[in-house]
Amino acid sequence: MNSEVLRTIKCKQLIFLLFCGGMAYAQHSNSLTATLDHQTKSINIQQEFIYVNSSKDTLETLYFNDWAHAYSDKKTALAKRFAEEFKKSLHLAKDEERGSTEIFSIVDSEYRGLIWQRTSGKDIVKFILNKPLLPGKEAKFFITYTVKLPSNKFTPYGYDNRNGYYLKDWYLTPAVYDGTWQLYSNKNLEDLYTEITDTNINFIFPDSLYIGTNYNEVNVTSFPGKQYASLKGANRKSCDIILNPSNRFIKHVTGHSIVVTDIRSNNYPSVLQGISINKISKFIHENLGDFPYEQLLVSEVDFNKNPLYGLSQLPTFIRPYDAQFQFEMKFLKTALISYMRETVFLNPRKEKWVSDALVNYLMIKFVDQYYSNQKLLGKLSNLWGFRSFHLADMDFNEQYSFLYMLTARKNLDQALTTPNDSLIKFNQKIANTYKAGLGLAYLADYLGQDKVDKSVKEFYSSYNLKEVKPKNFEDIIKKNADKDVDWFFDAYVNSDERIDFKIKKIIKEEDSLSVVLKNKTGTNVPISLFGINGDSVVSKYWFRDIESTKTIKIPRTTEERLVLNYDQKIPEFNQRDNWKTLSGFLSSNKKLKFQFFKDSEDPYYNQVFYMPVASFNVYDGITPGLRFTNKTLLERPFIFDFAPSYALKEKSFVGFGRFNYRKYHRKSGMYVTNYALRGSTFHFQTNSRYSTLTPSIGFGWRSDNLISNKRQSLVLRHVNVFRTIDPALDELETDPDYSVFNVRYNSYNTGIINYFNWFADAQHSSDFSKLAFNLEYRKLFQNNRQLNLRFFAGKFLRNKTNSDFFSFALDRPTDYLFDYNYLGRSEDSGIVSQQIIIAEGGFKSKLENPFANDWMMTTNASFNLWRWIELYGDIGLMKSRNQDARFVYDSGIRLNLVTDYFELYFPLYSTNGWELGQPNYDEKIRFIVTISPKTLIGLFTRKWF
């Protein structure tokens, strides 16, 4: 059997090679001799390249991709991309960990040297030709260079700490010229855009390593200390090579192709893995057609770059899926991505949505075909404690719409045609790829799956191994469709407009139903309407051209309720108003459902979630409580959130609550308005309680570039404070109750290399009016030194108070608006009094008379001596009424373990003198600590959104 398969495959390859040989006159030719130096982690390359000018233009310059050089320094396009994603590993890297390309010579066929230079991104090389290259002519070049490989701590590319290597986009390849040069720098997006070449590589590597590659291994010969691999790729893009100290790759000869893979599962027998690989190979062949090369590389490293996001990323021992399902989905996704990357030659930076659509559509189809009953939570769906969740009812394929909605509900969704390097990370990795596949499934549901399946296979068979455009895919879809599908490309693919319909009302007649449908967003796409009896579908209809409101009439049969988008094949923005029952007076009322812990959104219930919470301060002690909220896993416009709690130390009820309504507008400019009413009540001293009630309205602005970390906001709020004070304590010098109207304008640019934030703040109450300005600047320099600067200025316009409760503070603001998370806000001794929140003066030493009731100006600075050990210094001028202005200062050592979240300050010298030698020095040490889970989680999620 296997020998027959091999003969069939070799016959196909022979035909393919003969075909390629017949068209070789128009093909670039590339020959390399590459020697891997295991000691220096570098590759010495001698490259002969024949460039064929297949354009209609005369070329005086050529451009080649040199993506290995993207790791060379801190100013490359890759380094800048990392900074946008809050990753500074490449910026802080040691020189020996970086990658680079050193070009020694570039000569033409007459052995004349070429002038060459790097473009601004540094990983594209410009060749200036000695003579113009005419259309249809070719030019030969000889290039000698060394590629120093980077550590794989930045990206999967390079060498690892187990003496393995992953080589991808590692040699010079020609950029694409289609009338203009398509020049794309390496931004770790897996989207090298290069010309098709016929490539022969003689690769020399240590004999201690085993090779895996996507090219045809013509011959691998061993010699003492080294091995020679002869690799060939006809009509190919770049060559991937994976080297390991152990032989991890296994060749599977299936009925349709040879698969080379190192993907395996410890919990799934190897024999069954082989059966699954055959099954997947057959599925791909049936839906796409023949793989045109000798072998398909399906590697673990490729999977790790594009994993199955979600529950499948949990540790193996707690994953809720069967081993077979996990293995097959992992292998299928990696194989499909490799299939597309190797054979469908789209512009991967601007046209990736087509390959994403094909990959994810086939994954959806695979699950429908082989695992139609698979639940999103897997085995957890049947366990007590989980089965009551709506999430447990969701099918596995419903994750595509759900994960796309994570950014759509945050007003961060982007059109499928958005260039790859303009997508926020979550959209680039997950949301847009899922939306693309879901779109084809939506189209298949509307047209009929056979028509979309036919189009997919026809597109692949017609355009694999050819330069192709999305228009070619669109033309095939339209040719095979029996309905108008312009809406799919105009409204779904090319737009970020949301889809949202509702059933406005139903008029019941004896033998028919008149249904009024409303298009809430105006996005003109088809919508499905289902008639449901119990859990059974008794009717289904499609309706189009509902631009606003439309009344449609359908036969009345046995329907108990009508539901829009019942099977959730359409990524609809809001499904909470998609149904109406045909019985009862209040036909659209939903039942109230109380549920433990947060869940996904169930359109058939008004959900209220409850969950335990706990907080702590030194007066209330540990404060357990029960939180009630309607906040689901997906963001929603209106939120209520209440957490009544019991203070064990004060033996009384405390807690917080809020109503919040968020209205998103455009993607850029003023993009959001937020209305809120918040309240809280806790203790600020023993047996002394404060309560706040704060209505507010906020406006947010952002730029067209959603990747940018720049934001602006304007917040107007009226803070009302009510206090009850223990009679046994000294009376406060201020009225217990007060109100403050506060306006603050914020400007943020929270980059990890350049950080620049400022705000202007105005406050007005019956007793005072004040203005404040705060600026923070951080700069991570090329030498890895970081400078932190902060400036604060505040001035009272009027002040009728007789205490310092509302005054500016040098080191520990009184927090009369109760904004800060103090562990002990009224303490002046003990460990909690050493907590510091950098606000107002921002000093770290405790100085005498730290308050100013007229004006204050301070500057705080620090720079690092070694890694997270920094030297800090603060200076300031402050003035109170009827007093002279004072100059104050302090300095010391800062342990900046996690900036703004966990820091320690050790004062050395200040206005108080040498603090290090003074009594009770341990009481002078200050700390910043953040214990809010939401705030800490934000450290990890900020790079995704």
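Residues numbered from 1 in each chain as written. Predicted model: local features only at pLDDT ≥ 70, side-chain atom pairs only at ≥ 80, totals over all residues. Heavy atoms only, no water.

Caption draft 1: Region of interest: the nonpolar core. Core analysis: the biggest nonpolar cluster contains 106 residues, and I284, L288, F331, L440, L443 and V515 have the highest contact counts within it. Among the elements that make up this core, the one with the highest residue count is helix α9 (residues 425–447) (13 residues). Non-local contacts of F331, meaning those with residues more than four positions away in its chain, are made with V259, T261, I263, I277, I280 and V298. Core analysis: the second largest hydrophobic core is formed by 55 residues, F82, F141, Y171 and I201 among them. (Core = buried A, V, L, I, M, F, W, Y, C linked by side-chain atoms within 4.5 Å. Buried < 20%, exposed > 50% of the residue type's maximum accessible area, 1.4 Å probe, protein only. Helix = DSSP H or I, 4+ residues; strand = E, 2+ residues; numbered from the N terminus. Contact = heavy atoms within 4.5 Å.)

Caption draft 2: Representation of the packing of aromatic side chains in the model. Throughout the structure, instances matching the rule amount to 72 aromatic pairs. With 6.5 Å between their ring centres and 35° between their planes, F49 and Y51 make a pair best called tilted. You'll find F49 and Y51 in the same group, each marked buried. Here F530 and Y566 contribute two aromatic rings whose centre-to-centre distance is 5.7 Å and whose plane-to-plane angle is 50°, an arrangement assigned as tilted. Of this pair, F530 sits in strand β23 (residues 527–533) while Y566 sits in the loop between β26 (561–564) and β27 (579–581), and the two are 36 residues apart along the sequence. (Phe/Tyr/Trp six-rings, centres within 6.5 Å; stacked < 30°, edge-to-face > 60°.)

Caption draft 3: Geometry of empty space enclosed by the protein. Going through the model one piece at a time under the given rule, you end up with nine cavities of 30 Å³ or more. One number sums up the size of the largest cavity: a volume of about 710 Å³. Looking at the largest cavity, it is lined by 37 residues, and the ones nearest its centre are E190, I337, R341, P348 and K352. Only α5 (323–343), α6 (352–370) and α9 provide two or more residues apiece to the lining of the largest cavity. Considering only residue class, the lining of the largest cavity consists of 13 nonpolar, 10 polar and 14 charged. Taken as a whole, the second largest cavity encloses approximately 230 Å³ of empty space. As for the second largest cavity, its lining consists of 17 residues, and the residues nearest its centre are F402, Q568, Q575, E601 and L634. Considering every element that reaches the lining of the second largest cavity, the biggest residue donor is helix α8 (residues 399–408), with three residues. Residues belonging to the lining of the second largest cavity are distributed by class as follows: six nonpolar, six polar and five charged. (1 Å grid on protein atoms, 1.4 Å probe; cavity = no way out; pocket = protein on both sides within 12 Å on 5 of 7 lines; lining within 4 Å. Points joined across faces, edges and corners; volume = space filled by probe spheres on them. Nonpolar A, V, L, I, M, F, W, Y, C, P; charged D, E, K, R; others polar.)

Caption draft 4: Layout of the packing of α5 against α6. Across the interface, α5 lies against α6 with an axial gap of 10 Å and an inter-helix angle of 155°. Classified by the interaxial angle, the pair formed by α5 and α6 is roughly antiparallel. Considering the relative orientation of α5 and α6, their crossing is right-handed. Across from F325, E328, M329, L332, K333, L336, I337 and M340 in α5, the residues of α6 making contact are S355, L358, V359, L362, M363, F366 and V367. Residues of the contact of α5 with α6, tallied by class, amount to 12 nonpolar, one polar and two charged. (Axes fitted to C-alpha atoms, helices over the stretch in contact; angles between N-to-C directions. Parallel < 35°, antiparallel > 145°, perpendicular 65-115°, else oblique. Left-handed = near helix turned anticlockwise from the far one by under 90°.)

Caption draft 5: Structural view of the pattern of salt bridges. A full pass over the atoms with the stated rule returns 61 salt bridges. Across the salt bridge formed by K365 and D453, the nearest N and O atoms sit 2.8 Å from each other. Remark: D453 occurs in helix α10 (residues 449–463) and K365 occurs in helix α6; sequence separation between them is 88 residues. By relative accessible area, K365 is classed as buried at 12%. According to the relative accessible area criterion, D453 is buried, its value standing at 16%. Connected through shared salt-bridge partners, K168, E190, D240, D302, K305 and R341 make up one network. (Salt bridge = Lys/Arg side-chain N within 4 Å of Asp/Glu carboxyl O.)

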